[in-house]
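Breakdown of the fold
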Amino acid sequence: MNILLWILQIVLAFFFLSGGAYKIFKVENLAGHFRGLPPNVWRAIGVIEIVGGVLLVVPARVSGVPMLTAFAAAVLAVESLALAAAYARKSVKLVAANPLVWCAPMGLFAAVVAFGRWA
């Protein structure tokens, strides 16, 4: 189970770091496609994703504080599932271009990591 959690943590960290960077630096594209959130909210979500992506991997390996990893995973799960709900209001079409297809599984996997690291 520990190996599965580490694999999930590394994959989620990569996705959250890249998604957070996109939300910070390409906020004009996001604000144009999804008008439900202002640009500063997108930037704040990007910062949360970058910090959470780093905290998914670093605390368990370096400082020996695995509870910080569980907390970061829980925050990212809530954030991703809230974004998935916002995207679902716009479209539930299951295609790769729909952000709902990416947000919902990432939120569920982050919840699995949070539950697994909490114990």
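Above: the structure in question.
Residues numbered from 1 in each chain as written. Predicted model: local features only at pLDDT ≥ 70, side-chain atom pairs only at ≥ 80, totals over all residues. Heavy atoms only, no water.

1. Considering the packing of helix α1 (residues 2-25) against helix α5 (residues 100-118)
- Running from N to C, α1 and α5 cross one another at 140°; their axes reach a closest spacing of 10 Å. When the axes of α1 and α5 are compared, the pair comes out oblique. Crossing handedness for the pair α1 and α5: left-handed. Residue-level contacts link Asn2, Leu5, Trp6, Leu8, Gln9, Leu12, Phe15 and Phe16 of α1 to Trp102, Met106, Phe109, Ala110, Val112, Val113, Gly116 and Arg117 of α5.
- Partitioned by chemical class, the residues of the contact of α1 with α5 number twelve nonpolar, three polar and one charged. (Axes fitted to C-alpha atoms, helices over the stretch in contact; angles between N-to-C directions. Helix = DSSP H or I, 4+ residues; strand = E, 2+ residues; numbered from the N terminus. Parallel < 35°, antiparallel > 145°, perpendicular 65-115°, else oblique. Left-handed = near helix turned anticlockwise from the far one by under 90°. Contact = heavy atoms within 4.5 Å. Nonpolar A, V, L, I, M, F, W, Y, C, P; charged D, E, K, R; others polar.)

2. A word on the side chain of Arg117
- Checked against the element boundaries, Arg117 lands in helix α5.
- Despite its burial, Arg117 pairs with no opposite charge, the nearest such side chain being Glu79 at 18 Å.
- Among the polar contacts made by the side chain of Arg117, one reaches the side chain of Gln9 at a distance of 2.6 Å. (Buried < 20%, exposed > 50% of the residue type's maximum accessible area, 1.4 Å probe, protein only. Lys, Arg positive; Asp, Glu negative; His and termini not counted. Salt bridge = Lys/Arg side-chain N within 4 Å of Asp/Glu carboxyl O. Polar contact = N/O pair within 3.5 Å; in protein donor to acceptor, adjacent residues only side chain to side chain.)

3. Observations regarding the packing of aromatic side chains
- Evaluated as defined, the whole model comprises three aromatic pairs.
- Plain terms: the ring middles of Phe14 and Phe15 are 5.7 Å apart, the flat faces sit at 55° to each other, and that makes the pair tilted.
- The class of Phe14 is exposed, set by a relative accessible area of 56%.
- Between the aromatic rings of Trp42 and Tyr87, the centroid separation amounts to 6.5 Å while the plane-to-plane angle is 25°, which identifies the pairing as stacked. Of this pair, Trp42 sits in helix α3 (residues 39-63) while Tyr87 is found in helix α4 (residues 66-90), placing the two residues 45 residues apart along the sequence. The pair Trp42 / Tyr87 is uniform in exposure class, with both members buried. (Phe/Tyr/Trp six-rings, centres within 6.5 Å; stacked < 30°, edge-to-face > 60°.)

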